[in-house]
Amino acid sequence: MQKTLLNQNNYYSQEANVEYLSVSQFKNFVQCEARSLAELKGEFVRPYSNALTVGSYLHSAFESDDAFNNFCKKEHDVIFKKRSNGKYSDFEQADAMIQTLKDDKFSMFALEGEKEVIYTGKLFGAKWKIKVDSINHDRKTFSDIKTTQSLSKRYWSDKYNKYVSFVEAYDYVLQMAIYREIIFQNTGEYYSPYIVAVTKENPPDKAVLHFDESRFDFEKEYAEIYTPGILEIKQGKKKPMRCEKCEYCRATKKLTNTFEIEFLLE
């Protein structure tokens, strides 16, 4: 397969997604193999998510003024009300979150560096692509902005078999572990990752989070276990499993039998 040279215009393209594995694609395959393969084939498109648009809006504000203005123009009808031209409440909340970080010197210090940097590499037999929110080569650090409901909210995790923070629940430790390895392949040095977190509360809370390096060993082992199977599915060598819970599985489900009510809670 000819290597796709990635840039800001084609990073999220179907061609790039077929050739490369990303952390988001990896997580999607772990959640539901059938949906992920259908998306790669162009047979399924997820319903519009306002939350994803709000997240992109917030991220663009820290990329550059041009990136933020261009995003607002592109998504004008989603962001601004037609009659008053004021912003919808989700974006007003995002503005408060943006200002919370911009008013905090330490948060902005953690976000200093080159923005939206693309790297590629190879791990566990797969070609990976990553896009780093902010990377600082002088300090050998990289950082990523994450939003969450509350810094202290707990989530049950089957992966860890315990209650965990939002960082573990949404596999951000996995993301940092993969990014760290790919950055090492491109720079020859291991950079320290940070998460700049801001909450959706009123007023928003914030934190800059670091990681004990011992956490990354488990995440790399986890990725190493799942990656070969994902590659087999992408290459058509293995039939994908359905989760029977996601939007794709609900839309394509065909009933063939009854089941006992005990299984409703599985």
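Residues numbered from 1 in each chain as written. Predicted model: local features only at pLDDT ≥ 70, side-chain atom pairs only at ≥ 80, totals over all residues. Heavy atoms only, no water.

Can you break down the pattern of salt bridges residue by residue, with the values?
Opposite charge on two side chains lets them pair, provided their charged atoms get close. Scanning all chains against the criterion turns up 13 salt bridges. In this structure, glutamate 112 engages arginine 139 in a salt bridge whose closest nitrogen and oxygen atoms are separated by 3.0 Å. One end of the pair, glutamate 112, is in the loop between α8 (105-110) and β1 (114-123); the other, arginine 139, is in the loop between β2 (126-136) and β3 (141-148), and 27 residues separate them in sequence. Of the charged contacts in the structure, one is a salt bridge between arginine 180 and glutamate 213, with a shortest N-O distance of 3.4 Å. Of the two residues, arginine 180 sits in helix α10 (residues 172-187) while glutamate 213 sits in the loop between β7 (206-209) and α11 (215-234), which places them 33 residues apart along the sequence. Judged by relative accessible area, arginine 180 falls into the buried class, the value being 9%. Linked by salt bridges that have partners in common, Lys159, Asp171 and Glu219 make up one network. (Salt bridge = Lys/Arg side-chain N within 4 Å of Asp/Glu carboxyl O. Helix = DSSP H or I, 4+ residues; strand = E, 2+ residues; numbered from the N terminus. Buried < 20%, exposed > 50% of the residue type's maximum accessible area, 1.4 Å probe, protein only.)

Kindly report on the side chain of serine 157, identifying the contributing residues and their values.
Examined against the element boundaries, serine 157 turns out to sit in strand β4 (residues 155-157). According to the relative accessible area criterion, serine 157 is buried, its value standing at 7%. In this structure, serine 157 is in contact with Lys162 and Val164, ignoring residues within four places of it in sequence. (Contact = heavy atoms within 4.5 Å.)

Any details on the packing of aromatic side chains? Residues and values, ideally.
Scanning the entire structure with this criterion turns up 19 aromatic pairs. Centre to centre, the rings of tyrosine 57 and phenylalanine 71 are 6.4 Å apart; their planes meet at 55°, and the pair counts as tilted. Remark: phenylalanine 71 occurs in helix α5 (residues 65-74) and tyrosine 57 occurs in helix α4 (residues 50-63); sequence separation between them is 14 residues. Considered together, tyrosine 57 and phenylalanine 71 belong to a single accessibility category, that of buried residues. Pairing tyrosine 170 with tyrosine 172 gives two aromatic rings, centres 6.1 Å apart and planes at 25°, and the pair type is stacked. Looking at tyrosine 170, the relative accessible area reads 43%, which means it is partly exposed. Relative accessible area serves as the criterion here: at 12%, tyrosine 172 is assigned to the buried category. (Phe/Tyr/Trp six-rings, centres within 6.5 Å; stacked < 30°, edge-to-face > 60°.)

Explain the packing of helix α2 (residues 23-31) against α10 residue by residue, including any values.
Their axes nearest at 10 Å, the elements α2 and α10 cross at an angle of 135°. Classed by the angle they form, the pair α2 and α10 counts as oblique. Considering only the axes of α2 and α10, their crossing is right-handed. Between α2 and α10, the residues in contact are Val23, Phe26 and Lys27 and Tyr172, Leu174, Gln175, Ile178 and Tyr179, respectively. (Axes fitted to C-alpha atoms, helices over the stretch in contact; angles between N-to-C directions. Parallel < 35°, antiparallel > 145°, perpendicular 65-115°, else oblique. Left-handed = near helix turned anticlockwise from the far one by under 90°.)

Quick one: what's the story with the sheet that holds β2, residue by residue and with numbers?
The 5 strands lie next to each other as β1-β2-β3-β6-β7, forming an open sheet whose pairing is mixed. Only two strands of the sheet have a single neighbouring strand rather than two, namely β1 and β7. Mean inter-strand twist for the sheet, computed between neighbouring axes without regard to direction, equals 35°. Of the pairings in the sheet, the one linking β3 to strand β6 (residues 192-199) comprises 8 bridges and is parallel in character. Residue pairing for β6: serine 143 is matched across the bridge by tyrosine 194. Strand contacts of α10: β1, β2, β3 and β6, with the helix running at about 80° to β1, the strand carrying the most contacts. (Pairing = 2+ DSSP bridges.)

Quick one: what's the story with unusual backbone geometry, residue by residue and with numbers?
Residues asparagine 202 and proline 203 are joined by a peptide bond in cis, for which omega reads 0°. As for its placement among the helices and strands, proline 203 is situated in the loop between β6 and β7. The phi torsion at lysine 140 lies on the positive side, around 55°, for a residue other than glycine. Within the chain, aspartate 171 stands out as a residue other than glycine whose phi angle is a positive 60°. Position of aspartate 171 among the secondary structure elements: in the loop between α9 (166-169) and α10.

Function cannot be read off these values alone, since they describe shape.
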